[in-house]
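Fold and contact review
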Amino acid sequence: MQISSRFTIAIHIFACAHTFCGQFKLTSDFIASSVNCNPVIIRKILQQLKAAGLVTVTRGTGGVEPAHPIEEITLLDIFRAVDSIEDGQLFHFHENPNTDCPVGRNIHHGLDDKLTAIQSALEASMQGITIADVVRDTQKYIESEGREAI
């Protein structure tokens, strides 16, 4: 099981938007060149982020901007916006455990609350990390390289 790459691509989009704001026209093609993916993927993710109220996209001028200060946008906001997991559930439980088996009949009782706790812990951790945190750490690496990005 893996969380969709839409999640990390969306974070990458925010890092580009902050890093290159005012320097470059932030089009899906430009962002896709940094992510190294097809611009169609960037446009789809931007649509999801826009629908969640996390970015504004200005057509023609190539303006992708965070809709809120990056200190207020958490990884959990992005995670939820780009549908990183199916039906809001991190774990997909197998549908038909054998009810004739004592384990199959009771596995939900022994496991469901633990899976819910794991997902809650993950979401709480994501809630505590903002785009500003990611951008700040990324900038440190850019600066340590001794050159400007792109």
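Residues numbered from 1 in each chain as written. Predicted model: local features only at pLDDT ≥ 70, side-chain atom pairs only at ≥ 80, totals over all residues. Heavy atoms only, no water.

**Regarding the side chain of Glu123**
Along the chain, Glu123 turns up in helix H5 (residues 102–127). What Glu123 contacts, discounting residues up to four positions off in sequence, is Leu76 and Arg80. (Helix = DSSP H or I, 4+ residues; strand = E, 2+ residues; numbered from the N terminus. Contact = heavy atoms within 4.5 Å.)

**Let's talk about helix H1 (residues 6–20)**
Taking 1.5 Å as the rise per residue, H1 with 15 residues should run 21 Å; its terminal C-alpha atoms sit 21 Å apart, in good agreement. Most of H1 is tucked away, with eleven of its 15 residues classed as buried. Looking at H1, one finds that the buried residues are Phe7, Ile9, Ala10, Ile11, Ile13, Phe14, Ala15, Cys16, Ala17, Thr19 and Phe20. (Expected span 1.5 Å × (residues − 1). Buried < 20%, exposed > 50% of the residue type's maximum accessible area, 1.4 Å probe, protein only.)

**Regarding the packing of aromatic side chains**
With the rule as written, the count across this model stands at four aromatic pairs. For the pair Phe20 and Phe24, a centre-to-centre distance of 5.5 Å together with 80 degrees between the ring planes defines the contact as edge-to-face. Judged by relative accessible area, Phe20 falls into the buried class, the value being 4%. With relative accessibility at 36%, the residue Phe24 sits in the partly exposed group. Taken together, the ring pairs connect Phe20, Phe24 and Phe30 into an aromatic cluster. (Phe/Tyr/Trp six-rings, centres within 6.5 Å; stacked < 30°, edge-to-face > 60°.)

**Observations concerning the confidence of the model for the chain**
In the predicted model, the chain carries a mean pLDDT of 90, and 95% of its residues have values of at least 70. Within the chain, the lowest mean pLDDT, 90, falls on strand S2 (residues 63–66), and the highest, 96, falls on helix H3 (residues 39–51). (pLDDT = per-residue confidence, 0-100.)

**Remarks on the pattern of salt bridges**
This structure, assessed with the given rule, holds five salt bridges. Each of Asp133, Arg136, Asp137 and Lys140 takes part in salt bridges that share partners, so that together they form one network. (Salt bridge = Lys/Arg side-chain N within 4 Å of Asp/Glu carboxyl O.)

**So, the packing of H1 against helix H2 (residues 28–35)**
Packing of H1 against H2 brings their axes to within 10 Å, and their N-to-C directions diverge by 115 degrees. Comparing their axes, H2 and H1 come out roughly perpendicular. Between H1 and H2 the crossing geometry is right-handed. Residue-level contacts link Ile9, His12, Ile13, Cys16 and Phe20 of H1 to Phe30, Ile31, Ser34 and Val35 of H2. Among the residues making up the contact of H1 with H2, the classes are represented as seven nonpolar, two polar and no charged. (Axes fitted to C-alpha atoms, helices over the stretch in contact; angles between N-to-C directions. Parallel < 35°, antiparallel > 145°, perpendicular 65-115°, else oblique. Left-handed = near helix turned anticlockwise from the far one by under 90°. Nonpolar A, V, L, I, M, F, W, Y, C, P; charged D, E, K, R; others polar.)

**Structural notes on the side chain of Ser28**
Checked against the element boundaries, Ser28 lands in helix H2. With residues up to four places along the chain from it excluded, the contact list for Ser28 reads Pro39, Ile42 and Arg43.

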